[in-house]
Amino acid sequence: MITVRISDDAAALACGANAVAAAFAAAGCTVERVSSWGMHWLEPLAEIGGEGFGPLTPDDVASVLAGTSDKAIGRIADHRFIARQQRFTFARAGKTRPLSLDDYAATGGWAGLKRARELGPEATIAEVTQSGLRGRGGAGFPAGIKWTTVAKASGPVKYIVCNADEGDSATFADRMVMEGDPFMLIEGMAIAGHAVGAGKGYIYVRSEYPHAIAKLNTAIALAVPHIAPFEVEVRVGAGAYVCGEETSLLNSLEGKRGEVRAKPPLPALEGLFGKPTVVNNVLTLAAVPWILANGGAAYAEVGFGRSRGTMPIQLAGNIQHGGLVEIGFGVTLGELVFDIGGGTASGRPVRAVQVGGPLGAYHPPADFHLPFDYEAFSDANGLIGHAGLTVFDETADMSAQARFAMSFCAAESCGKCTPCRIGSTRGVELIDRIRARTGRAADKVEALPQMHNARKAPRTLGDEIELLEDLCETMKFGSLCALGGFTPYPVLSALKHWPEDFGVAVPGQEAAE
Amino acid sequence: MTDHDELDAILQGHAGREGALLPILHDVQAAFGHVSEDSVRRIAQVLNLTRAEVHGVVSFYHDFRDEPDARPVVKLCRAESCQARGVEALAAALPENPRVNVETVYCLGLCSVGPAAMVGHEVYGRLDAARLGALVESLA
């Protein structure tokens, strides 16, 4: 009997994995549904004895079994996409059945929690601090320091909250953890609970991830004997992007509108229901079992500068080899796009890469030398965020992308602070005028005689662009959270690197001609 | 069982739960297809909240609607990664179908296999104009 392993990750399902699995079963094979390797351009990918075949359709099954398939890719573990990676968090990807406790225990599962219990809370936090692990949600705040703050906070009731509201475009690593290795996340939360003295954990998952929700609920029920007395509960979001911001997530968990809270007080001291709360991203908590099992020093050995360990980077958009790349910090943007990602799927030249989701900057190929590192991207007026890369080819219209950034902010703003709520809408209007190249005369109110300080002269394109930059400045420094505060990144980076798309003459290009 | 009884059964099921409003609204939305004015009144009463507070929550989140819509829903992702893979051209070419509600969502997490869509819990990737059109047509 031949055993065929096919992923049941949502990306594989979206490409027809169930039909391929059914065809193998009908041909008399034993089909095991495992997590995804993260080689999404090859999904549905079938593995037989370590050899990979993909992307398959049910019609390919006969030739795969006969050994004549032209979709054979050789040994998956040796594939160049996989061989370059350093998989800590995704060590089990493609290898285990997500809801099998046996598979989990056989591949080192629960070793981290066991060691944490032996070490005790203080030494557990010390390991996490030593690992240099920083929040993987985007802000990059050191996890050990956050845990220490919560551990030292007084009060009998504390919470662990896992932020699984992965709303950024180009990000799917959280989803892959939840669907592919849910016990690892649960173990990470149990370790956090043990370390800071919290008895209850919530996983706040977005409603767009029904498969992840189902897997987590099943996994939590199975894991009870391993994590008790710690309890974990899944809560489902309701389609609000802003709830990925930690304070708005806490409000949503409390059953309120997902409006951002002003900080301080820090959630670490006054978080969920006013109690000390650790709010960590899925990838942060999922990295913890490895760190405890192998030691913080081993984790910190990998990395670049102050960014220690590995980052699960997600390659998406117009890229030939899209999927998940877990690799030590320091890999350059160009290596990711070309060496690992294989360039654009369309075969046209790369025009822009957006790093960090809808609030991340657009980078031109001139930035491809940048090492993947929190500080390096911040110095280049960008951010790595949740490490999603969206590749655009030369057909992309960057002023349209800038407009989308503003309209996305307008659609998803929680409405609490003015720069984000109003600024984003004015930003859309402004970019529309810039795109139309019309300029603008003084409006009815500005023209009133009593408006002494209002501008009476018509605005040229140059004036409008200056106004857009000014608006972005206000949003960046005046918004309460990253939604309004970071929307200027995609807008200003598009304006800076592709001014021709905004109708601005580029002096350098004229000089060159 | 009347709607009123069913609503009370949902509320009963969440009794004593901390921060129960969102789970309650999800159940109400699933059971009735929307969160009606009457439901808001009853939920507010049981949770000891004002109607304004409950209405504020219902209207804040995209998932909850205050009017029923019996049409099947296709959630089409139109975020950046799907844009880079050509979803805007697909959306522009999609014929209007009054019997299907094609909603825009920002990100289904299928960014490497887009353009992507979701119907119920079924996910669809690598859509082209023909496949998306056929998907919408199959629901009408």
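Rules and cut-offs
Residues numbered from 1 in each chain as written. Chains lettered and ligands numbered in written order. Predicted model: local features only at pLDDT ≥ 70, side-chain atom pairs only at ≥ 80, totals over all residues. Helix = DSSP H or I, 4+ residues; strand = E, 2+ residues; numbered from the N terminus. Rg over C-alpha atoms; globule rule 2.2 N^0.38 Å. Buried ≥ 20, exposed ≤ 12 C-beta atoms within 10 Å, placed from the backbone. Pairing = 2+ DSSP bridges. Axes fitted to C-alpha atoms, helices over the stretch in contact; angles between N-to-C directions. Contact = placed C-beta atoms within 7 Å. Nonpolar A, V, L, I, M, F, W, Y, C, P; charged D, E, K, R; others polar. Domains from an automatic or database assignment. Arc of directions from axis to C-beta. Parallel < 35°, antiparallel > 145°, perpendicular 65-115°, else oblique. Left-handed = near helix turned anticlockwise from the far one by under 90°. Expected span 1.5 Å × (residues − 1). Core = buried A, V, L, I, M, F, W, Y, C linked by C-beta atoms within 7 Å.

## Considerations on the overall build of chain B
- Counting its secondary structure elements, chain B contains seven helices and four strands.
- Sequence-ordered secondary structure for chain B, helices as α and strands as β, is α-α-α-α-β-α-α-β-β-β-α.
- A globule of 140 residues ought to have a C-alpha radius of gyration of about 14 Å, yet chain B, at 18 Å, is considerably larger.
- Across its three principal axes, chain B shows a C-alpha extent of roughly 50 × 25 × 25 Å.
- Taken over 140 residues, chain B has a buried fraction of 37%.

## Description of the overall build of chain A
- The secondary structure content of chain A amounts to 23 helices and 16 strands.
- Relative to a compact globule of 513 residues, whose C-alpha radius of gyration would be 24 Å, chain A shows 24 Å and is just as compact.
- Split into buried and exposed, the 513 residues of chain A put 55% on the buried side.

## Here we look at the sheet that holds strand S3 (residues 117-119) of chain B
Residue and element names in this part refer to chain B.
- Reading across the sheet, the four strands line up as S2-S1-S3-S4 and stay open at both edges, with mixed pairing between neighbours. What marks the edges here is a single partner per strand, and that holds for strand S2 (101-105) and strand S4 (122-124). Shown here is a sheet whose adjacent strand axes are inclined to one another by a mean of 25°, direction ignored.
- Here three bridges tie S3 to S4, and the two strands are oriented antiparallel to one another.

## So, the interface of chain B and chain A
- On the chain A side, the residues contacting the 34 residues of chain B number 46 residues.
- Broken down by secondary-structure element, the contributors of at least two residues to the side of chain B that touches chain A are helix H2 (21-32), helix H4 (51-60), helix H5 (80-84) and S4 of chain B.
- The class makeup of the residues in the side of chain B that touches chain A is 20 nonpolar, nine polar and five charged.

## Section: the domain arrangement of chain A
All names here are of chain A.
- Here chain A is described as being made up of domain 1 (3-83), domain 2 (101-300), domain 3 (303-396) and domain 4 (399-512).
- The centre of domain 1, based on its C-alpha atoms, is set 32 Å off from the matching centre of domain 2.
- On the domain 2 side, the residues contacting the six residues of domain 1 number seven residues.

## Let's talk about H4 of chain B
All names here are of chain B.
- Among the residues of H4, those classed as buried are Val 54, Val 57, Val 58 and Phe 60. Within H4, the buried residues cover an arc of 170° as seen down the axis, which keeps them to one side. Looking at H4, the residues exposed on the side facing more than 90 degrees away from the buried face are Ala 52 and Ser 59.
- Elements in contact with the buried residues of H4: H2 and helix H3 (37-47).

## Side note on the packing of helix H17 (residues 398-412) of chain A against helix H22 (residues 488-497) of chain A
All names here are of chain A.
- Packing of H17 against H22 leaves a shortest axis separation of 8 Å and a crossing angle of 165°. When the axes of H17 and H22 are compared, the pair comes out roughly antiparallel. Considering how the two elements wind past one another, H17 and H22 form a crossing that is left-handed. The segment H17 lies against H22, with Met 398, Ser 399, Gln 401, Ala 402, Ala 405 and Met 406 engaging Pro 490, Val 491, Ala 494 and Leu 495.
- Considering only residue class, the contact of H17 with H22 consists of eight nonpolar, two polar and no charged.

## Focus on the sheet that holds strand S2 (residues 30-34) of chain A
Residue and element names in this part refer to chain A.
- An order of S2-S1-S3-S4-S5 is seen for the five strands of this open sheet, with the pairing classed as mixed. Of all the strands in the sheet, the pair left with one neighbour each is S2 and strand S5 (72-75). Neighbour to neighbour, the strand axes of the sheet diverge by 25° on average, direction disregarded.
- Sheet topology note: the strand S4 (residues 51-53)/S5 ladder contains three bridges and is antiparallel. What sits directly across from Phe 53, in S5, is Ala 72.
- Running at roughly 170° to strand S1 (residues 3-7), helix H2 (residues 17-26) makes contact with S1, S2 and strand S3 (46-48) of the sheet.

## Brief notes about the environment of Gly 108 of chain A
All names here are of chain A.
- Structurally, Gly 108 can be placed in the loop between helix H5 (101-106) and helix H6 (111-119).
- C-beta crowding within 10 Å serves as the criterion here: with 15 such atoms nearby, Gly 108 is assigned to the partly exposed category.
- In the structure, Gly 108 is positioned 71 residues away from Trp 37 in sequence and 18 Å away in space, judged by C-alpha atoms.

## Here's the deal with the packing of helix H1 (residues 3-13) of chain B against H2 of chain B
Residues and elements named next belong to chain B.
- Two elements in contact, H1 and H2, have axes whose closest approach is 10 Å; the angle formed by their N-to-C orientations is 150°. In terms of their interaxial angle, H1 and H2 are classed as roughly antiparallel. Read as a crossing pair, H1 and H2 show a hand that is right-handed. Judged by residue contacts, Asp 3, Glu 6, Leu 7, Ile 10 and Leu 11 of H1 engage Ile 24, Asp 27, Val 28, Ala 31 and Phe 32 from H2.
- Among the residues forming the contact of H1 with H2, the class breakdown is seven nonpolar, no polar and three charged.

## A closer look at unusual backbone geometry
- Between Lys 263 of chain A and Pro 264 of chain A the backbone carries a cis peptide bond, its omega angle lying at -5°.
- Looking at the secondary structure, you find Pro 264 of chain A in the loop between helix H12 (246-253) and strand S9 (277-281).
- Cis geometry is found at the peptide bond from Pro 264 of chain A to Pro 265 of chain A, where omega equals 5°.
- Locating Pro 265 of chain A in the fold gives a position in the loop between H12 and S9.
- The backbone of Ala 387 of chain A sits at a positive phi, close to 65°, despite the residue not being glycine.
- The topology assignment puts Ala 387 of chain A in the loop between helix H16 (374-379) and strand S16 (388-393).
- At Cys 107 of chain B, a position not held by glycine, the phi torsion is positive, near 90°.
- With respect to the helices and strands, the residue Cys 107 of chain B is situated in the loop between S2 and S3.
- What makes Cys 107 of chain B buried here is the crowd of 27 C-beta atoms within 10 Å.

## Some words on helix H13 (residues 282-294) of chain A
Residue and element names in this part refer to chain A.
- The terminal C-alpha atoms of H13 lie 19 Å apart, and with 13 residues this matches the ideal 18 Å at 1.5 Å per residue to within 8%.
- With 12 of its 13 residues buried, H13 lies for the most part within the structure.
- Within H13 the residues assigned to the buried category are Val 282, Leu 283, Thr 284, Leu 285, Ala 286, Ala 287, Val 288, Pro 289, Trp 290, Ile 291, Leu 292 and Ala 293.
- One or two positions beyond H13, positive phi appears at Gly 295, with a value near 95°.

## Comments concerning the nonpolar core
- Core analysis: the biggest nonpolar cluster contains 199 residues, and Val 161 and Cys 162 of chain A together with Cys 77 and Ala 116 of chain B have the highest contact counts within it.
- Residues within four places of Cys 77 of chain B in sequence aside, it is in contact with Cys 82, Val 87, Val 105, Cys 107, Leu 108, Leu 110, Gly 114, Pro 115, Ala 116 and Ala 117 of chain B.

## Regarding the environment of Ala 436 of chain A
Residues and elements named next belong to chain A.
- Relative to the elements of secondary structure, Ala 436 occurs in helix H18 (residues 418-436).
- Looking at Ala 436, the number of C-beta atoms within 10 Å reads 11, which means it is exposed.
- Taking the C-alpha atoms as reference points, Ala 436 and Gly 295, separated by 141 residues in sequence, lie 58 Å from one another.

## Some words on the environment of Val 73 of chain B
All names here are of chain B.
- Its place among the elements puts Val 73 in strand S1 (residues 73-77).
- Each C-alpha atom, one on Val 73 and one on Gly 13, is 28 Å from the other, the two residues being 60 residues apart in sequence.
- With near-sequence residues (within four places) excluded, Val 73 lies in contact with Asn 101 and Glu 103.

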